[in-house]
Amino acid sequence: MEQSQELYWKKVLGLIRNVLIVWFLCSYGAGIMFAGALDNIKLGGYPLGFWFAQQGSIYIFVALIFIYAKMMGKIDKDFDVAED
Amino acid sequence: MSLQAMTYLVVGLTFALYLGIAFWTRAGSTKEFYVAGGGVHPVLNGMATGADWMSAASFISMAGMIGYMGYGGALFLMGWTGGYVLLAMLLAPYLRKFGKFTVPDFFKARYYSNSATVVAVVCLLVASTTYIIGQMTGVGVAFSRFLGVSSEMGVIIGMAIVFVYAVFGGMKGITYTQVAQYVVLILAYTIPAIFISLQLTGNPIPQLGLGGQYTGSDMALLAKLDHIVTDLGFGKYTTSVPGDKLNMFVYTVSLMIGTAGLPHVIIRFFTVPKVKDARSSAGWALVFIAILYTTAPSVAAMARLNLHATINTAVQSGGDVFAPDASIQYDARPDWMKRWEVTGLLKFEDKNGDGRIQYYNDTSKNAEFLAKADAAGWKGSELTVNNDIMVLANPEIANLPNWVIALVAAGGLAAALSTAAGLLLAISSAISHDLLKNMMMKDLSEKGELMAGRIAMACAIVVAGFLGMYPPDFAAGTVAIAFGLAASSIFPALMMGIFSKTMNRQGAVAGMIAGLVFTMFYVFAHTGIFYIHGTEYWQIFGKKDFFFGISPNAIGAIGAVVNFAVAFAVKNMTTPVPSDIAAMVENVRIPKGAGGAIDH
């Protein structure tokens, strides 16, 4: 029991880390740090870096939360710690 | 019907709706305010969170700020949405499992002391009160335009209404009232945006319109806007940043972790039935928020374009913006400008005495542009536009029908009132529940607790109203400071409480104090002690924004770093955390065994 709980927490932290990497890359990465370079690519009338900063990162945030919630549900089940 | 009558009608109808719902949900529920059980559906909870969350700053102020700042305005968009990812993953499910009513309750148990609770309450009060100042500024703007009074008078009227609304009624029905307010505010925001997007690009979806073609030209809308603003001496719209990119980066961090640390948002996740729902509820909240937040950039860019096109006719035709007859004649200015002049939020000063309005960037560093402006006989920009009016004036600028203008007024009020109510609830419960009932006067009766809560609310309204008349910044700017305060004090302590089994009382308390004091010291240095003008002391630093160019609005992120660093240093020097607390943290980490939801 003790061990499985440790493994559970490790899995949870791993998932959080992965989500945070994507979260960081699309907002701080594409939206701020590399926005200048990405602006050379056009998405319709949008420069791509500008699009990430003012549109894209928000859509990705929404998707990330639902993906996280779904994967957490699966981890909870695997380790039998879900609520009844 | 005249605009004034239409505005009264629409605003009156929405207020009747809120009161009706507040009454109906109150009558239907006999459960007491703090009683557990029930639980709100995650989707409805998401809507209510959206209304609670999207304040006057989001509705009234944000698009104006983005329009003014251009690309760099994205820091508001990313900062105020990205925090929900943190909230969903790092805090909401664990706090839901913990299962108490308020954020200070968590501190009390996790950091096993009253001192941690007191510090948390102080942090909460400072952040929430600062936030309400921003709301009152917004309410003032909306009412002053709607009733044709000065914005100070608008604040006073707003104070009176919030007082009645939050102090006497709506305590129990607040969630469902907020659902209705969400619907009103999102309609009020998107309908004018759809109209304007159609006018300017032929595309009814504003998110696509912003990336579309400008009607009647072969240019993309954003390219056209870039062209116009650079012609008038401003920075390029799609690349300009406030300060530098480091400041933008830090500012975004500050808003994100502030979002995750604001108590009135966190307590929303105590209301859902299960831990599982706490995770997805943050997602639903963000869906509803994203509808407004992805529309805002279009509103911003299109309002900026329309404003320039109104003042300078050459903008539309692509002609010479310096031509004498391109600038609009003051006497021929449109009605909406006259209406906004009454409020003092739009000002015209004929510097070169030609009876026409020249609106451009007179602080431009571009010598070529300045030479051209000089040759045209321009003697400085003659129009001052307060950013906060952009969203409210937007439909008027675009000549939309009266009912749309009236709807926007109603939406702005819904946004400001729902957030103010949520904040006042957080403030009053912190004082009456956490401070009085749980610590100072343990034998306080329920009636006494309620009375104390109402008195606390009333005091908070008066303070916020007074400061709202003399705000340190635009509504969005003031709100940003509130987020910085939450980011530097509450968020790190909550996170360490869940993710560090070894964080002890001394570390958490020292960290919170260090983070809050550091942030307040820096903010007050630039905006005055308690935001009162004339008491700024930035001179002692030598120069403004001395800390690597980081503005006071963005400093919360650095404050959070200070908090973490001090907390871990102090922890290592003091007694370790008791074993039962460590066991409690282990238990909080797994969803199994969470009790019923808290009803409110």
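Analysis parameters
Residues numbered from 1 in each chain as written. Chains lettered and ligands numbered in written order. Predicted model: local features only at pLDDT ≥ 70, side-chain atom pairs only at ≥ 80, totals over all residues. Heavy atoms only, no water. Helix = DSSP H or I, 4+ residues; strand = E, 2+ residues; numbered from the N terminus. Rg over C-alpha atoms; globule rule 2.2 N^0.38 Å. Buried < 20%, exposed > 50% of the residue type's maximum accessible area, 1.4 Å probe, protein only. Contact = heavy atoms within 4.5 Å. Areas by Shrake-Rupley, 256 points an atom, 1.4 Å probe, with all protein chains shown as cover. Lys, Arg positive; Asp, Glu negative; His and termini not counted. Charge placed at Lys NZ, Arg CZ, Asp CG, Glu CD. UniProt positions renumbered as here; feature names shortened; annotations may be inferred. Buried area = accessible area lost by both parts, 1.4 Å probe. Salt bridge = Lys/Arg side-chain N within 4 Å of Asp/Glu carboxyl O. Expected span 1.5 Å × (residues − 1). Phe/Tyr/Trp six-rings, centres within 6.5 Å; stacked < 30°, edge-to-face > 60°. Lys NZ or Arg CZ within 6 Å of the ring centre and 35° of its normal. Core = buried A, V, L, I, M, F, W, Y, C linked by side-chain atoms within 4.5 Å.

## Examining the overall build of chain B
(1) Moving on: Along its length, chain B carries 23 helices and two strands.
(2) Moving on: Here the C-alpha atoms of chain B give a radius of gyration of 25 Å, agreeing with the 25 Å that 2.2 N^0.38 yields for 600 residues.
(3) Moving on: When its C-alpha atoms are laid out on the principal axes, chain B stretches across 80 × 55 × 40 Å.
(4) Moving on: Burial analysis of chain B (600 residues in total) assigns 64% to the buried set.
(5) Moving on: Relative to all contacts within chain B whose residues are 6 or more apart in sequence, the contacts with residues 24 or more apart total 81%.
(6) Moving on: When the accessible surface of chain B is totalled, it reaches about 20,400 Å², and 66% of it is carbon and sulfur.
(7) Moving on: Chain B carries 37 positive and 33 negative side-chain charges, and their two centres are separated by 13 Å.

## Some points on the UniProt feature "domain: Sodium symporter small subunit" (unreviewed entry) in chain A
(1) Moving on: Under the feature "domain: Sodium symporter small subunit" (unreviewed entry), the UniProt entry names residues 6-81 of chain A.
(2) Moving on: Across residues 6-81 of chain A one finds 83% helix and 5% strand; the C-alpha atoms that close the span lie 12 Å apart.

## What to know about the interface of chain A and chain B
(1) Moving on: Contacts between chain A and chain B engage 45 residues on the former and 52 residues on the latter.
(2) Moving on: Taking both partners together, chain A and chain B bury about 4,100 Å²; carbon and sulfur atoms supply 70% of that area.
(3) Moving on: Taken together, the connections running from chain A to chain B amount to two salt bridges.
(4) Moving on: Arg-279 of chain B is the partner of Asp-76 of chain A in a salt bridge, and the nearest nitrogen-oxygen pair spans 3.1 Å.

## Examining helix α19 (residues 446-469) of chain B
(1) Moving on: Here α19 of chain B contains 24 residues, and its C-alpha end-to-end distance of 35 Å stays within 8% of the 34 Å for a straight helix at 1.5 Å per residue.
(2) Moving on: Every buried residue belonging to α19 of chain B is among Glu-449, Ala-452, Gly-453, Ala-456, Met-457, Ala-458, Ala-460, Ile-461, Ala-464, Gly-465, Leu-467 and Gly-468 of chain B, and all of these are buried.

## Points about the environment of Gly-56 of chain A
(1) Moving on: Inspection of the secondary structure assignment puts Gly-56 of chain A in helix α3 (residues 48-78).
(2) Moving on: C-alpha of Gly-56 of chain A to C-alpha of Gly-31 of chain A: the two residues are 25 residues apart in sequence and 8.6 Å apart in space.

## A word on the packing of aromatic side chains
Both the distance between ring centres and the angle between the ring planes are used here to describe each pair of aromatic rings.
Residue and element names in this part refer to chain B.
(1) Moving on: Applying the stated rule across the entire model yields 33 aromatic pairs over all chains.
(2) Moving on: Taking the centre distance of 4.8 Å and the plane angle of 45 degrees together, the rings of Tyr-360 and Trp-378 count as tilted. With Tyr-360 in the loop between β1 (346-348) and α16 (367-375) and Trp-378 in the loop between α16 and β2 (383-385), this residue pair connects regions lying 18 residues apart in the sequence.
(3) Moving on: Feature note: the residues Trp-53, Phe-76, Trp-80, Tyr-84, Tyr-131, Tyr-251 and Phe-483 constitute an aromatic cluster, connected by ring pairs.
(4) Moving on: Between the NZ or CZ atom of Arg-304 and the centre of the ring of Phe-234, over which it lies, the distance is 4.8 Å.
(5) Moving on: For the cation-ring pair, Arg-333 lies above Tyr-330, with the distance from its terminal atom to the ring centre recorded as 4.0 Å.

## Looking at the UniProt feature "transmembrane region" (unreviewed entry) in chain A
Residue and element names in this part refer to chain A.
(1) Moving on: Listed under "transmembrane region" (unreviewed entry) in the UniProt record, and renumbered for this structure, are residues 12-36 and 48-69.
(2) Moving on: Overall, residues 12-36 shows 96% helix and 0% strand. The separation of its end C-alpha atoms is 35 Å.
(3) Moving on: For residues 48-69, helix accounts for 100% and strand for 0%, while the C-alpha atoms at its two ends are 29 Å apart.

## Focus: the pattern of salt bridges
Residues and elements named next belong to chain A.
(1) Moving on: Summed over all chains, the structure comprises seven salt bridges over all chains.
(2) Moving on: Among the ionic pairs, Asp-78 bridges to Lys-74, the shortest N-O distance being 3.4 Å. One end of the pair is Asp-78 and the other is Lys-74, both in helix α3 and four residues apart, which spans about a single turn. A single burial state applies to Asp-78 and to Lys-74, both of which are exposed.

## Description of the nonpolar core
(1) Moving on: In this structure, Trp-53, Phe-59, Trp-80, Tyr-84, Leu-91 and Tyr-293 of chain B are the most contacted members of the largest nonpolar core, which totals 236 residues.
(2) Moving on: Examining the composition of this core, we find that 20 residues originate from one element, helix α18 (residues 402-440) of chain B, more than from any other.
(3) Moving on: Not counting chain neighbours up to four residues away, the residues in contact with Tyr-84 of chain B comprise Ile-65 of chain A together with Thr-49, Trp-53, Thr-259, Val-265, Phe-269, Ala-282, Ala-285, Leu-286 and Ile-289 of chain B.

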